[in-house]
Amino acid sequence: MAKYSRLHGSVGLISLANPPVNALSSVVRHAISEKVAKAFRDPEVTCVVICGENGVFCGGADIREFASTMRGPPLVPMIDAIEEGEKPVVAAIEGVAFGGGLELALGCHYRIAHYKARVGLPEVTLGLLPAAGGTQRLPRLTGVAPALQLITTGRHVAAPEALKLGIVDQVTEQNTVEVAVQFAKSVVGQALHNRRLSLRQLSCPPDGLFEETMAQIKQRARGAVAPIACVQAVKAAATLPFKAGMDKERDLMATLFNSGQAKALQYSFFAQRSVAKWNLPNGAHSGISKARAVHRAAVIGLGTMGRGIVVSLVRAGISVIAMETNEKQLHTGKKMVIAILEKDAQKHNAAPRADLVHFTERLSDLSNVDLVIEAVYEDMVLKKDIFKQLSMICKPDAFLCTNTSALNVDELAAVTGRPEMVVGMHFFAPAHVMKLLEVVYGQHSSPEAVATAMQLGKRLGKVSVAVGNCPGFVGNRMMKLYVEQAHFLLEEGATPEQVDEALEEFGFAMGIFKVSDLSGLDVGWRVRKEAGLTGAGVDWKEPPRRRQGRRYSPLADLLCEKGHLGQKTSRGWYLYEKPGGRDPKPDQGLHSFLVEYRSKYGLKARRIDKDEVLERCLFSLINEGFCILDDGIASGPEDVDVIYVHGYGWPRHRGGPMFYADMVGLSKVLERLEFYHQAHPDVPYLKPSPLLRKLVRNGSPPIREWREFLKRPHSHL
Ligand SMILES: CC(C)(COP(=O)(O)OP(=O)(O)OC[C@H]1O[C@@H](n2cnc3c(N)ncnc32)[C@H](O)[C@@H]1OP(=O)(O)O)[C@@H](O)C(=O)NCCC(=O)NCCSC(=O)C[C@@H](O)CCCCCCCCCCCCC(=O)O
Ligand SMILES: NC(=O)c1ccc[n+]([C@@H]2O[C@H](COP(=O)([O-])OP(=O)(O)OC[C@H]3O[C@@H](n4cnc5c(N)ncnc54)[C@H](O)[C@@H]3O)[C@@H](O)[C@H]2O)c1
């Protein structure tokens, strides 16, 4: 709803009141239209201020309404009516003015913002465009180039920058509504013609602007349609009269509105918020579990992961003890941490925060920290030794966390005298960049420990997902099968280029073989050795392409044995111009190696099409996702999808693997898995999961109903 009051006798104040973000639901739109008309009718009222209650102007259209038939007064005529009014209308912006909220403000004649407010048109991130005049009014206010950038990226703009761009007329540190009221009174009687953005003429955009932006988008937003529609809409603003531009905006929105991409992106928006509401097998949940404040943290091991974790903690203003095992490693780690912090400082024109980090070689220095994150080698014996020592050294209420990618959190907890204080905090590389954090609860992890890790993740700007304990947790458990299928496809006749091309066309920023070259083939090699699949622990009675009773591909192991570890050695699945090179080229040597390999094992190469690449790689991953849900390791499909979108490069406009399965159709996924399982009976995980079968038996309900078919989450191995 929206409230109406009269201030100082002559100012009509309209306050949007729809907590938490004053979204423009049909009720709110109705109320605004009514109150504006009332203020315009009232002869005592000479000017109007529109604001939002609770320190938020408006978070835009009510996204939940998009899933059903839109009812209530549309936004466009409502905003037009405000702009056409003969009394000055001032938007008082606190908190945010996003999407339809900013479009409403652009319809007002003036905008006053609090200095902490943010504005933006993030519709593109929801698979849409700003269709309440945003694509036509913003370019008329800022010029075409800045508007194009803001609309195609959805970037949030802080008030001081908004002032520079001309989006707001004034920024204040005072009470914004009071300032806006005084301002409104001061402009009564002034001509409004110039303040009506729809009447403004646009100056010519720079030559080639639209073509260049389109090319950048095609490169950056692989396959996403909304940014392209945004360019077309802004181009209409630059080339057509306002009314014709509005028609174009509406038509483009109509094509986006019901698209699969818009549905996927809106699902992702709510999924990201739903994972913050976690629950544990013992009934504890985010609503009742209190996090403890973390003032001092420690990170053990300053390798690839530890460095990034230290930087993340420092960026959040937390003081850190960074510990390494010897002077040389400490020196290298310290140099890397400081280099990143200095780069940060340069970017923000501030002093580096290195004073927050204390570097040490002594574990005993950790006695007084609130929380420790261990990030040493993936070696259970080493980690256990460290946890045993931590249990004795750290103060009794310190949380002990591990960044292990796949090891058993319960086994680590068991060597401490405080298993309830132990959780996994699984960051992703590089940890100061990647958004995802898996918070792994063990059998004994207390709700307070989970709440603290989740809260800390939030403070570090991560999207945190609570998951149960099993080998690989959620992300890596699914990933393993996806990688394995890609290797099998090479055995059967594909090349790394063919597999990667299919995955990149699907929307992944990088195909799986390029990713493998980037992170180093030795990472997986170490994991396979630890799992007894290669190296000393192997049962040599089994043939090379069979391990632990099932099909196995030793291809990656053979490359590692040759020293072909990826970018760092200039050869892996691709060829690079020099060690550390970034530009992958097809490797004829690798192709010949594949031919020899197939001939050695009597494998006949066949033509593998893109559909098979996608189905084999993605459906096996999805099938494991269903097993994970069935096991209660993830509490809902949203958790799996958020993990894949934020940690594994799954294209956001495809929602995530479980959402994708729903879009493709569960019976199709089931039928194809049955087909591939019959064709490859020695690959057990291609057998469709019982949950997938159950859902299909129950008529393939939409993803939002899957939780009804799930058991409660639990942690098991
Ligand atoms: C606002 C935020 C920055 C706040 O962040 P914060 O961290 O404080 O809080 P949360 O993110 O946790 O949010 C709290 C709570 O609020 C929910 N929520 C937030 N925003 C919205 C919203 N806009 N609508 C609904 N609900 C919202 C959130 O889900 C949380 O609740 P939960 O229960 O899940 O915990 C931050 O929230 C944020 O960034 N929000 C999104 C901002 C945004 O993207 N805004 C743009 C919205 S889209 C829009 O505005 C479109 C406009 O351009 C208007 C277009 C006109 C539409 C015309 C339709 C024509 C259709 C024609 C086609 C017809 C074709 C045919 O069928 O024939
Ligand atoms: N690299 C990744 O992509 C990635 C991603 C997520 C999680 N992980 C996990 O993070 C952990 C660390 O991985 P990494 O890639 O950073 O390894 P790394 O080899 O780059 O670094 C490990 C560091 O630990 C230090 N170390 C070893 N023993 C120590 C001890 N007793 N005390 C203090 N420091 C010690 C080493 O000197 C080294 O600098 C592993 O458990 C790994 O599985 C790695």
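Residues numbered from 1 in each chain as written. Chains lettered and ligands numbered in written order. Predicted model: local features only at pLDDT ≥ 70, side-chain atom pairs only at ≥ 80, totals over all residues. Heavy atoms only, no water.

1. Quick word on the overall build of the protein chain
(1) Moving on: Check the secondary structure of the protein chain and you find 27 helices and 19 strands.
(2) Moving on: Taken against the 2.2 N^0.38 rule, which gives 27 Å for 717 residues, the C-alpha radius of gyration of the protein chain at 28 Å falls within 12% of a compact globule.
(3) Moving on: With the C-alpha coordinates of the protein chain rotated into their principal frame, the extents come out at 95 × 60 × 55 Å.
(4) Moving on: Scored against the burial criterion, the 717 residues of the protein chain give a buried share of 56%.
(5) Moving on: Relative to all contacts within the protein chain whose residues are 6 or more apart in sequence, the contacts with residues 24 or more apart total 72%.
(6) Moving on: For the protein chain, the accessible area works out to roughly 30,400 Å², and carbon and sulfur atoms hold 54% of it.
(7) Moving on: Side chains of the protein chain carry 88 positive and 76 negative charges; the gap between the two charge centres is 1 Å. (Helix = DSSP H or I, 4+ residues; strand = E, 2+ residues; numbered from the N terminus. Rg over C-alpha atoms; globule rule 2.2 N^0.38 Å. Buried < 20%, exposed > 50% of the residue type's maximum accessible area, 1.4 Å probe, protein only. Contact = heavy atoms within 4.5 Å. Areas by Shrake-Rupley, 256 points an atom, 1.4 Å probe, with all protein chains shown as cover. Lys, Arg positive; Asp, Glu negative; His and termini not counted. Charge placed at Lys NZ, Arg CZ, Asp CG, Glu CD.)

2. Quick notes on unusual backbone geometry
For residues other than glycine, phi is negative in most cases, and the peptide bonds are mostly trans.
(1) Moving on: Residue proline 19 is joined to proline 20 through a cis peptide bond whose omega torsion reads 5°.
(2) Moving on: Relative to the elements of secondary structure, proline 20 occurs in the loop between β2 (11-16) and α1 (26-41).
(3) Moving on: For the peptide bond that leads from alanine 429 to proline 430, omega is -10°, which places it in the cis range.
(4) Moving on: Turning to its location among the elements, proline 430 is positioned in the loop between β15 (422-427) and β16 (436-441).
(5) Moving on: For asparagine 349, which is not a glycine, the phi torsion comes out positive at approximately 55°.
(6) Moving on: With respect to the helices and strands, the residue asparagine 349 is situated in the loop between α13 (327-348) and β12 (357-360).
(7) Moving on: Taking relative accessible area as the criterion, asparagine 349 reaches 76% and is therefore assigned exposed.
(8) Moving on: In this model, serine 700 sits at a positive phi of 50°, which is unusual for a non-glycine residue.

3. A few points about the domain arrangement of the protein chain
(1) Moving on: Here the protein chain is described as being made up of domain 1 (2-257), domain 2 (296-471), domain 3 (494-500 + 510-600) and domain 4 (610-709).
(2) Moving on: Taking only C-alpha atoms into account, the centre of domain 1 sits 53 Å from that of domain 3. (Domains from an automatic or database assignment.)

4. Remarks on helix α14 (residues 380-393)
(1) Moving on: For α14, which comprises 14 residues, the first-to-last C-alpha distance of 20 Å matches the rise-based estimate of 20 Å (1.5 Å per residue) to within 8%.
(2) Moving on: Inspection of α14 places Met380, Lys383, Ile386, Phe387, Leu390 and Ser391 among the buried residues, and these make up the whole buried set. Seen from one end, α14 has its buried residues packed into an arc of 140°, which puts them on one side. Facing away from the buried side of α14 by more than 90 degrees, the exposed set consists of Val381 and Met392.
(3) Moving on: Of the surrounding secondary structure, the elements contacted by the buried residues of α14 are β10 (296-300), β13 (371-374), β14 (399-402), α15 (409-414), β15 and α20 (521-530).
(4) Moving on: By the N-cap criterion, in which a side-chain oxygen at the helix start approaches the backbone nitrogen of a residue two or three places on, α14 is capped by aspartate 379, the distance to valine 381 being 2.9 Å. (Expected span 1.5 Å × (residues − 1). Arc of directions from axis to C-beta. Polar contact = N/O pair within 3.5 Å; in protein donor to acceptor, adjacent residues only side chain to side chain.)

5. Focus on the UniProt feature "domain: 3-hydroxyacyl-CoA dehydrogenase C-terminal" (unreviewed entry) in the protein chain
(1) Moving on: With numbering aligned to this structure, UniProt lists the feature "domain: 3-hydroxyacyl-CoA dehydrogenase C-terminal" (unreviewed entry) at residues 472-576 and 613-702.
(2) Moving on: Secondary structure across residues 472-576 comprises 51% helix and 4% strand; the distance between its end C-alpha atoms is 30 Å.
(3) Moving on: This span, residues 613-702, is 67% helix and 0% strand, and a straight line between its end C-alpha atoms measures 26 Å. (UniProt positions renumbered as here; feature names shortened; annotations may be inferred.)

6. Here's the deal with the site of ligand 2
(1) Moving on: Neighbouring ligand 2 are 22 residues, the closest being Met305, Glu324, Glu378, Lys383 and Ser405.
(2) Moving on: Between ligand 2 and threonine 304 there is a distance of 3.0 Å, counted from an oxygen atom to a backbone nitrogen or oxygen.
(3) Moving on: Contact between ligand 2 and lysine 383: an oxygen atom at 2.7 Å from a side-chain N or O atom of the residue.
(4) Moving on: Taken by itself ligand 2 offers 830 Å² of open surface, and the protein chains cover 82% of this.
(5) Moving on: Going through the elements one at a time, α12 (304-315), α14 and β15 are the ones with two or more residues in the shell around ligand 2. (Near = heavy atom within 4 Å.)

7. A word on the packing of helix α17 (residues 475-492) against helix α22 (residues 588-600)
(1) Moving on: The geometry of α17 relative to α22 is characterised by a closest axis approach of 9 Å and an angle of 80° between their N-to-C directions. What the angle tells us is that α17 and α22 run roughly perpendicular. For the pair α17 and α22, contact is made by Leu490, Glu491 and Glu492 and by Leu594, Tyr597 and Arg598, respectively.
(2) Moving on: Considered class by class, the residues forming the contact of α17 with α22 number three nonpolar, no polar and three charged. (Axes fitted to C-alpha atoms, helices over the stretch in contact; angles between N-to-C directions. Parallel < 35°, antiparallel > 145°, perpendicular 65-115°, else oblique. Nonpolar A, V, L, I, M, F, W, Y, C, P; charged D, E, K, R; others polar.)

8. Quick look at the sheet that holds strand β8 (residues 157-158)
(1) Moving on: Strand order across the open sheet formed by three strands is β5-β7-β8, with mixed pairing between neighbours. Each having just a single partner strand, β5 (96-98) and β8 make up the two edges of the open sheet.
(2) Moving on: The pairing of β5 with strand β7 (residues 118-120) spans three bridges and is classified as parallel. Bridging across to β7, alanine 97 finds its partner in valine 119.
(3) Moving on: Together, β5 and β7 form the strand contacts of helix α3 (residues 100-107), whose direction differs from that of β5 by roughly 95°. (Pairing = 2+ DSSP bridges.)

9. A short note on the UniProt feature "domain: 3-hydroxyacyl-CoA dehydrogenase NAD binding" (unreviewed entry) in the protein chain
(1) Moving on: In the numbering used here, UniProt assigns the feature "domain: 3-hydroxyacyl-CoA dehydrogenase NAD binding" (unreviewed entry) to residues 297-469.
(2) Moving on: Span residues 297-469 is 39% helix and 22% strand, its end C-alpha atoms 23 Å apart.

10. Quick notes on the pairing of strand β17 (residues 463-467)
(1) Moving on: Summarising burial for β17: five of the five residues are buried, a large majority.
(2) Moving on: Where burial is concerned, the two faces of β17 agree: the one with Val463, Val465 and Val467 and the one with Ser464 and Ala466 are both buried.
(3) Moving on: As paired strands, β16 and β17 are joined by five bridges and run parallel to one another. In the sheet register, glutamate 438 faces β17, and the bridge partner there is valine 465.
(4) Moving on: Viewed along the sheet, the connection from β16 through helix α16 (residues 447-459) into β17 turns out right-handed. (Right-handed = clockwise from strand over helix to strand, strands pointing away.)

11. Describing the sheet that holds β10
(1) Moving on: The strand order across the open sheet built from eight strands is β12-β11-β10-β13-β14-β15-β16-β17, with neighbouring strands paired in mixed fashion. The open sheet terminates on both sides in strands that have one partner only, identified here as β12 and β17. Direction aside, neighbouring strands of the sheet carry axes that sit 25° apart on average.
(2) Moving on: Examined bridge by bridge, β10 and strand β11 (residues 319-323) share five bridges and lie parallel to one another. Bridging from a neighbouring strand, alanine 297 pairs with valine 320 of β11.
(3) Moving on: Contacts between α13 and the sheet are confined to β11 and β12, with β12 contributing the most and set at about 165° to the helix.

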